[in-house]
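Reading the structure
Listed below, chain by chain, are the residues.
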Amino acid sequence: MDQTIIVIDQAPAAFDLEAISQKLRIRPGNKSRDILIALAREAQPLARPRAGAKLCGLAVVADNKIQMEDTVFTSPLLPKNMGGLSRAFPYLATEGSELAEWGHSFSGLERIYANALQNAAMKQTEAILEKTVMEKFGIAQVSAMNPGSLTVWPITQQAPLFELLNPLPEKLGVTLLPTFMMKPEHTVSGIYFQTDTKFFNCQLCPRLDCPNRKAPSTVA
């Protein structure tokens, strides 16, 4: 087995219904919570979220470019965050096709709640992957950058990222669409890199009302 590649083929889906309820603004005692609970029970045995990462050599080749293997990425933020590093870890995490198909069978309120569960499964698997990368390669802390999360690293950079990740996308059941979005919908791509100070894309995003914000904005 290639020791430079990590594959998580079937992560457990353990839904934190309290956290999901808060995110959906479901108040205690609201009957909508019964709908969420029923959907979670239905989704759990179907869920097969997956994730994978790849160890790659890293070099800064210009003020706005880094190179990983034969692939060049362009953004002034990449050398700023990854300068001085000799390796990084491109990655994918996805809800999986099983949960995606299940979610598309609903409409209305159930569709909203199913979406929340699908995203939670993906996020949980992404967290497992991050921990696995740190443990396997002896890293105390990593941060991540994701193409399309900030205008300074546009979503078009998905194309070279998927080229670098081959054959992981096919193995994980993830397809890059012509729009540079991914299928299944609840999939995240990016690059993990070792860091002493945790970096979040949110720090450079001015959207204060984002429900997924992880850190205060420094540009708002």
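Notes on the structure follow.

Scoring rules and cut-offs
- Residues numbered from 1 in each chain as written.
- Predicted model: local features only at pLDDT ≥ 70, side-chain atom pairs only at ≥ 80, totals over all residues.
- Heavy atoms only, no water.
- Axes fitted to C-alpha atoms, helices over the stretch in contact; angles between N-to-C directions.
- Helix = DSSP H or I, 4+ residues; strand = E, 2+ residues; numbered from the N terminus.
- Parallel < 35°, antiparallel > 145°, perpendicular 65-115°, else oblique.
- Left-handed = near helix turned anticlockwise from the far one by under 90°.
- Contact = heavy atoms within 4.5 Å.
- Nonpolar A, V, L, I, M, F, W, Y, C, P; charged D, E, K, R; others polar.
- Buried < 20%, exposed > 50% of the residue type's maximum accessible area, 1.4 Å probe, protein only.
- Pairing = 2+ DSSP bridges.

Quick notes on the packing of helix α1 (residues 17-24) against helix α2 (residues 32-43)
Between α1 and α2, the least distance of the axes is 11 Å, while the angle of their chain directions is 130°. One element, α1, and the other, α2, form an angle in the oblique class. In terms of crossing hand, the pair formed by α1 and α2 is right-handed. Contacts between α1 and α2 pair Leu17, Glu18, Ile20, Ser21 and Leu24 from the former with Arg33, Leu36, Ile37 and Ala40 from the latter. In terms of residue class, the contact of α1 with α2 is made up of six nonpolar, one polar and two charged.

Quick word on unusual backbone geometry
Cis geometry marks the peptide bond from Asn166 to Pro167, where omega comes out at 5°. You can see Pro167 is positioned in the loop between α6 (158-165) and α7 (168-172). Residue Pro184 is reached from Lys183 by a cis peptide bond, and omega for that bond is 0°. Backbone geometry places Arg25, a non-glycine residue, at a positive phi of 60°. Structurally, Arg25 can be placed in the loop between α1 and α2. Overall, the relative accessible area of 77% leaves Arg25 in the exposed class. Non-glycine residue Phe180 carries a positive phi angle of around 75°. Mapped onto the secondary structure, Phe180 falls in the loop between β8 (175-176) and β9 (182-183).

So, the pairing of strand β2 (residues 50-54)
Judged by how many residues are buried, β2 sits mostly within the fold: five of five residues are covered. The alternating pattern of β2 places Arg50, Gly52 and Lys54 on one face and Ala51 and Ala53 on the opposite face, and all of these are buried. Relative to β2, strand β1 (residues 5-8) is paired through four bridges, and the arrangement is antiparallel. Considered in β2, the bridge of Val7 is made with Gly52. Where β2 and strand β6 (residues 87-94) come together, four bridges link them in antiparallel fashion. If you follow Gly52 over to β6, its bridge partner there is Leu92.

Purely geometric stuff here, so don't read any function into it on its own.
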